[in-house]
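Okay, here's what each chain looks like letter by letter:
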Amino acid sequence: MTLNSKIPQGPLKDKWTDYKNKINLVNPANKRHIDVIVVGTGLAGGSASATLAELGYNVKTFCYQDSPRRAHSIAAQGGINAAKNYQGDGDSTYRLFYDTVKGGDYRSREANVYRLAEVSANIIDQCVAQGVPFARDYGGLLDNRSFGGVLVSRTFYAKGQTGQQLLLGAYSAMNRQIARGKIEMFNRHEMLDLVVVDGKARGIIARNLVTGEIERHAAHAVVIASGGYGNVYFLSTNAMGSNATAAWKVHKKGAYFANPCFTQIHPTCIPRSGDYQSKLTLMSESLRNDGRIWVPKSLEDAKAIRDRSKKPTELTEDQRDYFLERRYPAFGNLVPRDVASRAAKERCDAGFGVNATGEAVFLDFAASFERYGQEQAKIHNLVNPTNEKIIELGQKIVEAKYGNLFQMYEKIIDENPYETPMMIYPAVHYTMGGIWVDYNLMTTIPGCYAIGEANFSDHGANRLGASALMQGLADGYFVLPYTIGDYLADDIRTGKISSETPEFDEAEKSVKDRIDFFNNNKGTHSVDYYHKKLGKIMWDKCGMSRNEKELKEAIEEISALRKDFWQNVSVPGSDKQFNEELAKAGRVADFLELGELFAKDALEREESAGGHFREEHQTAEGEAQRRPEFQYVSAWEYKGEPKEALLHKEVLEYENIEVKERSYK
Ligand SMILES: Cc1cc2nc3c(=O)[nH]c(=O)nc-3n(C[C@H](O)[C@H](O)[C@H](O)COP(=O)(O)OP(=O)(O)OC[C@H]3O[C@@H](n4cnc5c(N)ncnc54)[C@H](O)[C@@H]3O)c2cc1C
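Since the model is a prediction, treat every value here as computed from it, not as a measurement. (Residues numbered from 1 in each chain as written. Predicted model: local features only at pLDDT ≥ 70, side-chain atom pairs only at ≥ 80, totals over all residues. Heavy atoms only, no water.)

J.: What is the right way to read helix α15 (residues 527-542) from this model?
T.: Every α-helix carries 3.6 residues per turn, so stepping three or four residues along brings you back to the same face. For α15, built from 16 residues, the straight-helix expectation of 22 Å at 1.5 Å per residue is met to within 8% by its first-to-last C-alpha distance of 21 Å. V527, Y530, H531, L534, G535, I537, M538, K541 and C542 are the residues of α15 that are buried. The arc that holds every buried residue of α15, seen down its axis, measures 165 degrees, which confines them to one face. On its buried side, α15 packs onto β18 (545-546), α16 (548-568) and α17 (580-604). (Helix = DSSP H or I, 4+ residues; strand = E, 2+ residues; numbered from the N terminus. Expected span 1.5 Å × (residues − 1). Buried < 20%, exposed > 50% of the residue type's maximum accessible area, 1.4 Å probe, protein only. Arc of directions from axis to C-beta. Contact = heavy atoms within 4.5 Å.)

This is the structure we're talking about:
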């Protein structure tokens, strides 16, 4: 098969405008006869559902939580980017586009990213109109902060709860449509298969998670907005429920997957404390605006801190290595996430880690307490304030900006981060890979779309901070509602789609067979037993550093683990009740297939990109020799700015390329 990304002709900056001017539309009266299924109520699915319903389509929306507003997007902390240039610091649509493509190691689809940068400003207007309480400055204007990999302040935020506030906005827009009858909401429903009729996506099979009933839902188009699959690693910053099932089922019905192995490893997470942990917690990247990252300069001090014979606060400035500031002076602590993660891992691997496991670096706010405190003392006309007073004033400012994050850290680690530096370490956070989509956000199955984190399109090998919320809302509010019309314009005379067809029979049967298997298999191991084992293989052999030998081992091990799972898994309870273990069994079964695809992709991708590096050629020189076209991968680390010309090559990796068929059973 040849992938065709359908990128419109013309200069980058005109593509979206020209395309919208010429795209097919469905008139308002005809929209009433068209049904669309949306799987997911996070920022992508919630905004898409509300907008499609507002336009007049009949929308059926599904989520597995008890309410749309508990989608994982609620966890997003730090903020959302938009090229508003409110700070007058040189931002522009082009600069946001440039930063995103560069931050993604030049592996994003440029046309999509330019469109994303263009519509970013609309998102903020839309959300403000909905009443989203973005932070404001003293004069009442919307405030901004900086995120990694950029030299401007373009991130809009609502304390450390930006996702929650944006989701409440999308949810209230949805509720208006639910009340009007334009959205039919299916909470606690899990999509377990896609139904394809005559080559087109025509519906889904869903399970009512409360009663266990298997249901058929038909529509003219299906939109997958099911989020990311970082939990394939077992430990990640994602919500426990986040999973790959919807995306994976769509893949198995014929939709191609792109870049499955590109995972974002976020540098500022609370370090793992032991083998029995089931969740990792993010400390927002926004903390890098004010926190400085360091490890001790000497191995002796690192050891003394690890065995607690020395406190970090006892080390003087010249005994500390602020390694990001040292290596990347232009960006300092705000380098992109992949760069910060790789640098932290490098220091810890070299023996400078600062917690018991040796896998932690410090994130220190002492300098900010002092800087803000001095400023406050001046503002309040305090003459000769004591050092304690200055620190107290500075801490209040930091508390106002990140108080909830500091509180969360203290609850988990039982140390007061106002008194001693936080400890952080890289962790799995986001999946750039996902279902391949064209410029319309349509997968390779006609009528099946993928938006938000579930698709692959915008972030290349590494996503810059605060750009997932931007992409989810851009897709849902401003892109899909246009592009889906181009496809649905051919469906205005199709009439209702029936769910009484052999294709629905077959999909329903395969869903029921799998549930029956889990119900009846009298195995010996829990679902988590397999999930943990998979996660360990993934982190050890397909994590940040990768090599051919271990990737091959990972493929073998995952395959063997999957066979064991299908023989020995044990699922308690029945399928006629709310049964989280049963739901999890299906999700882990899919992770066990996705994990293998992931490892195969990593093996074939003989390059270092984003948060991953191939050990065989980790130096810039090694990489350049091996794949001259990817020299710039290491530009952040070794060569300063990448070559400008590369940014403008319009033919990208994912356009018109031959795709190999793969099999995972
Ligand atoms: C801790 C944390 C903090 C973050 N902070 C930021 C930030 O500050 N800024 C930023 O830009 N990004 C941030 N991100 C990333 C961002 O939150 C996510 O990428 C984004 O919210 C994903 O949105 P989504 O709509 O694509 O998917 P989600 O919000 O994950 O929603 C998925 C939806 O799909 C539904 N679903 C999934 N599978 C099925 C199925 N089989 N059947 C039915 N329903 C299904 C779920 O019920 C849910 O409603 C953060 C991520 C984490 C983990």
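We are not done yet, so read on.
J.: It is not clear to me how the site of the ligand should be interpreted in this structure. Could you clarify?
T.: Taken together, 37 residues lie near the ligand, and Q65, S73, G78, M191 and E453 sit nearest. The contact in question runs from a nitrogen atom of the ligand to an N or O atom on the backbone of Q77, over 3.1 Å. In this structure, G79 approaches the ligand through a main-chain N or O atom, which is 2.8 Å from a nitrogen atom. When isolated, the ligand has an accessible area of 1,000 Å², and the protein chains bury 98% of it. (Near = heavy atom within 4 Å. Polar contact = N/O pair within 3.5 Å; in protein donor to acceptor, adjacent residues only side chain to side chain. Areas by Shrake-Rupley, 256 points an atom, 1.4 Å probe, with all protein chains shown as cover.)

J.: Explain the state of the cysteines here, please?
T.: A covalent bond bridging the sulfur atoms of two cysteines is what the word disulfide describes. Applying the stated criterion across every chain yields a total of zero disulfides. Summary of cysteine pairing: C348 is not part of a disulfide, and the nearest cysteine sulfur, belonging to C269, is at 13 Å. (Disulfide = S-S within 2.5 Å.)

J.: Looking at this model, I keep getting lost on the pairing of strand β11 (residues 263-269). Mind explaining?
T.: Each regular strand carries side chains that alternate between the two faces of the sheet. Burial analysis of β11 places seven of its seven residues in the buried class, which makes it a mostly covered element. Taken together, the five bridges between β11 and strand β15 (residues 422-431) define a ladder with antiparallel strand orientation. Counterpart to T263 in the pairing with β15 is T431. (Pairing = 2+ DSSP bridges.)

J.: Which parts of the structure should I look at to understand the packing of helix α8 (residues 299-306) against helix α10 (residues 337-352)?
T.: Helix-helix packing: each pair is described by the crossing angle between the helix axes and the interaxial distance. Their axes nearest at 10 Å, the elements α8 and α10 cross at an angle of 90 degrees. Taken together, the axes of α8 and α10 lie roughly perpendicular to each other. Mapping the contact onto sequence places L299, A302 and R306 in α8 and A350, G351 and F352 in α10. (Axes fitted to C-alpha atoms, helices over the stretch in contact; angles between N-to-C directions. Parallel < 35°, antiparallel > 145°, perpendicular 65-115°, else oblique.)

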